[in-house]
Amino acid sequence: MKVKRRYLALVEGIFRDKSGILTLPIGRKNGSIIERCVDDFGKYAETDYRVVEEKDNMSLLNIELKTGRTHQIRVHFSHVHHPLIGDTLYGGTKQYANRQALHCYHLAFTHPYTNEALSFTAPWPDDLPGIKVDVSTLAAAPLID
């Protein structure tokens, strides 16, 4: 088993498509050593998502990375005009949070020596806008219809 990572992200706006796959190549933004952008000459990047909850012109997303590019979630959702709440580098507002509203809530992998399947979950942090989600049920739910 390879490493499986699931994230919760609170983003700006309401999605027309309630689930989907973003396959947008990511490269370094010209003139920056930190910022990345969608770039036709960048590396392949795939992000699967499903809307979990919507309110006050914000969407809570359940996200699984199929690749692991630098700033992948932040770049992909900013590019489709849904930046993360609190992510000012990629166009988000700090109106509701003083940091990126992004949280890795589920990690699963096979132990390299014992071959034991390991799985960990972590609840939504208290310092981010309040949501009521059971992360254990989200981790098992499919993202794509």
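About the thresholds
- Residues numbered from 1 in each chain as written.
- Predicted model: local features only at pLDDT ≥ 70, side-chain atom pairs only at ≥ 80, totals over all residues.
- Heavy atoms only, no water.
- Phe/Tyr/Trp six-rings, centres within 6.5 Å; stacked < 30°, edge-to-face > 60°.
- Helix = DSSP H or I, 4+ residues; strand = E, 2+ residues; numbered from the N terminus.
- Buried < 20%, exposed > 50% of the residue type's maximum accessible area, 1.4 Å probe, protein only.
- Patch = residues over 30% accessible without salt bridge, like charges linked within 9 Å, V, L, I, M, F, W, Y side chains within 5 Å.
- Areas by Shrake-Rupley, 256 points an atom, 1.4 Å probe, with all protein chains shown as cover.
- Salt bridge = Lys/Arg side-chain N within 4 Å of Asp/Glu carboxyl O.
- Contact = heavy atoms within 4.5 Å.
- Polar contact = N/O pair within 3.5 Å; in protein donor to acceptor, adjacent residues only side chain to side chain.
- Lys, Arg positive; Asp, Glu negative; His and termini not counted.

(A) Local environment of the packing of aromatic side chains. Taken as a whole and judged by the stated rule, the model has 4 aromatic pairs. When the centroid spacing of 5.7 Å and the interplanar angle of 85 degrees are considered together, the rings of Tyr49 and Phe77 count as edge-to-face. Separated by 28 residues along the polypeptide, Tyr49 in strand E5 (residues 46-55) and Phe77 in helix H1 (residues 72-79) bring together distant segments of the chain. Across the pair, exposure class does not vary: Tyr49 and Phe77 are buried alike.

(B) Local environment of a nonpolar patch on the surface. On the surface, Val3, Leu107 and Phe120 cluster together to form a nonpolar patch covering roughly 250 Å² of accessible area. Within the secondary structure, Phe120 is located in strand E8 (residues 117-121).

(C) Spatial organisation of the environment of Lys66. As for its position among the elements, Lys66 is in the loop between strand E6 (58-65) and H1. Considering only alpha carbons, one finds Lys66 and Leu102, 36 residues apart in sequence, at a separation of 17 Å. Each residue touching Lys66, except ones within four places of it in the same chain, is listed here: Lys2, Glu46 and Asp48. There is a polar contact of 3.3 Å between the side chain of Lys66 and the side chain of Glu64.

(D) Representation of the side chain of Arg36 within the structure. The topology assignment puts Arg36 in strand E4 (residues 36-38). The buried charged residue Arg36 lacks any salt bridge, with Glu35 as its nearest oppositely charged partner at 9.0 Å. Engagement of the side chain of Arg36 in a polar contact is seen with the backbone oxygen of Ile34, the distance being 2.8 Å. Those residues in contact with Arg36 that lie beyond four places of it in its chain are Ile26, Gly27, Arg28, Lys29, Thr70, His71, Val75 and Tyr90.

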